[in-house]
Amino acid sequence: MTFSATVLTLYPEMFPGPLGLSLAGRALAEGRWSIDPVQIRDFATDRHRSVDDTPAGGGSGMVLRADVVAAAIDATAKPGVPLLAMTPRGKPLTQERVRSLAAGPGVAILCGRFEGFDQRLFEARAIEEVSIGDYVLSGGETAAIVLLDACVRLLPGVMGAASSGDEESFEAGLLEYPHYTRPQMWEGRTIPEVLRSGDHAAIKAWRQSMAEIDTRLRRPDLWERHIGARVQSPSGARQKKDE
């Protein structure tokens, strides 16, 4: 089954963009996934092809009209395909959510512009609001590219080895451990001795330890969730009781 992405946008020429290169681009050429950029403006009904209007109650900027965007949604909707809207007001995107999306038939993505969407759109249609971070972009297209890149790399056959993503950041609730490669000595800095030891058990333990240390220092929020999940698991509960 090919992973299919429909992107509703005012700038369809932005796609596939960087998704046409590297791993995602090769997978696109091989037919492992597809992308269909849809021009929202094509669903406007007036001669000016208007897609936005001034905010009710006053204020700066413009707001995307619910009737125009809904028409675009209804014309392109596919059964079983989740509809996402990229917006800073959405729920933060996680690797867990990316995995679940990548395991499905695809996604439809709404890309906002201006001040965002008329709120009635979310009341009238089943739309999942998604944010890629606590900052504001000029539009949802860049965020959509981020989400699609995260999904596509997890599709079967896209990464070189099936296990390539198993130990990456967030996959086990931790940041990834640091990496090293040749030369062994660079600007007075050497590769940690354990990584040159050939002792696979010691290397695995070192990597786990570094992942935990880096997560605790750099992302205390992630560390707290990781500890909480470990304590709540059956093995974690037994460990806590034994201690």
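Since the model is a prediction, treat every value here as computed from it, not as a measurement.

(A) Region of the structure containing the pairing of strand S2 (residues 33–39). Pairing of strand S1 (residues 3–9) with S2, which is carried by 7 bridges, proceeds in the parallel orientation. Residue Ala5 lies in a different strand from S2, and its bridge partner there is Ile35. Tracing the backbone out of S1, into helix H1 (residues 22–29) and back to the parallel element S2 gives a crossover that is right-handed.

(B) Main features of the layout of surface pockets. In this structure, the largest pocket encloses a volume near 750 Å³. Lining the largest pocket are 24 residues, with Leu93, Thr94, Gln95, Phe170 and Leu222 positioned closest to its centre. Looking at the lining of the largest pocket, the elements that each hand over two or more residues are helix H3 (95–102), helix H5 (140–152) and helix H7 (220–232). Classifying every residue of the lining of the largest pocket by side-chain character gives 10 nonpolar, 5 polar and 9 charged. The volume enclosed by the second largest pocket comes to roughly 430 Å³. In this structure, the second largest pocket is lined by 24 residues; those nearest its centre are Met86, Thr87, Pro88, Glu115 and Gly116.

(C) Seen up close, the environment of Leu28. Take Leu28: it is sitting in helix H1. Judged by its relative accessible area of 24%, Leu28 is partly exposed. Taking the C-alpha atoms as reference points, Leu28 and Val152, separated by 124 residues in sequence, lie 9.1 Å from one another. Leu28 has contacts with Pro16, Leu19, Trp33, Ser34 and Ile35, leaving out every residue within four places of it along the chain.

(D) How the structure looks around the packing of H3 against H5. Contact geometry of H3 with H5 gives a least axis separation of 8 Å together with a crossing angle of 70 degrees. Considering the angle they form, H3 stands roughly perpendicular to H5. Judged by the sense of rotation from one axis to the other, the crossing of H3 with H5 is right-handed. Between H3 and H5, the residues in contact are Val98, Leu101 and Ala102 and Leu147, Ala150 and Cys151, respectively. When the residues that make up the contact of H3 with H5 are grouped by side-chain class, the tally is 6 nonpolar, no polar and no charged.

(E) The pattern of salt bridges, seen in detail. One pass over the structure, following the stated rule, counts 10 salt bridges. A salt bridge links Arg32 to Glu30; the nearest nitrogen and oxygen atoms lie 2.8 Å apart. Accessibility expressed as a relative area gives 33% for Arg32, which makes it partly exposed.

(F) Examining the environment of Val152 more closely. With respect to the element layout, Val152 can be found in helix H5. What makes Val152 buried here is its relative accessible area of 0%. Note: C-alpha distance between Val152 and Arg99 (53 residues apart in sequence) is 9.8 Å. Excluding anything up to four places from it in sequence, Val152 contacts Ala24, Ala27, Trp33 and Val158.

(G) Region of the structure containing the sheet that holds strand S7 (residues 128–131). Sheet architecture is open: 5 strands sit in the order S2-S1-S6-S5-S7, paired in parallel fashion. Whereas interior strands pair on both sides, the edge strands pair on one side only; in this sheet they are S2 and S7. Each adjacent strand pair in this sheet contributes to an overall mean axis angle of 35 degrees, direction not counted. Relative to strand S6 (residues 106–111), S1 is paired through 5 bridges, and the arrangement is parallel. Considered in S6, the bridge of Thr6 is made with Ala108. In the packing of helix H2 (residues 66–76) onto the sheet, the strands contacted are S1, S2, strand S5 (83–92) and S6, and the crossing angle to S1 comes to about 160 degrees.

Conventions used here
- Residues numbered from 1 in each chain as written.
- Predicted model: local features only at pLDDT ≥ 70, side-chain atom pairs only at ≥ 80, totals over all residues.
- Heavy atoms only, no water.
- Pairing = 2+ DSSP bridges.
- Helix = DSSP H or I, 4+ residues; strand = E, 2+ residues; numbered from the N terminus.
- Right-handed = clockwise from strand over helix to strand, strands pointing away.
- 1 Å grid on protein atoms, 1.4 Å probe; cavity = no way out; pocket = protein on both sides within 12 Å on 5 of 7 lines; lining within 4 Å.
- Points joined across faces, edges and corners; volume = space filled by probe spheres on them.
- Nonpolar A, V, L, I, M, F, W, Y, C, P; charged D, E, K, R; others polar.
- Buried < 20%, exposed > 50% of the residue type's maximum accessible area, 1.4 Å probe, protein only.
- Contact = heavy atoms within 4.5 Å.
- Axes fitted to C-alpha atoms, helices over the stretch in contact; angles between N-to-C directions.
- Parallel < 35°, antiparallel > 145°, perpendicular 65-115°, else oblique.
- Left-handed = near helix turned anticlockwise from the far one by under 90°.
- Salt bridge = Lys/Arg side-chain N within 4 Å of Asp/Glu carboxyl O.

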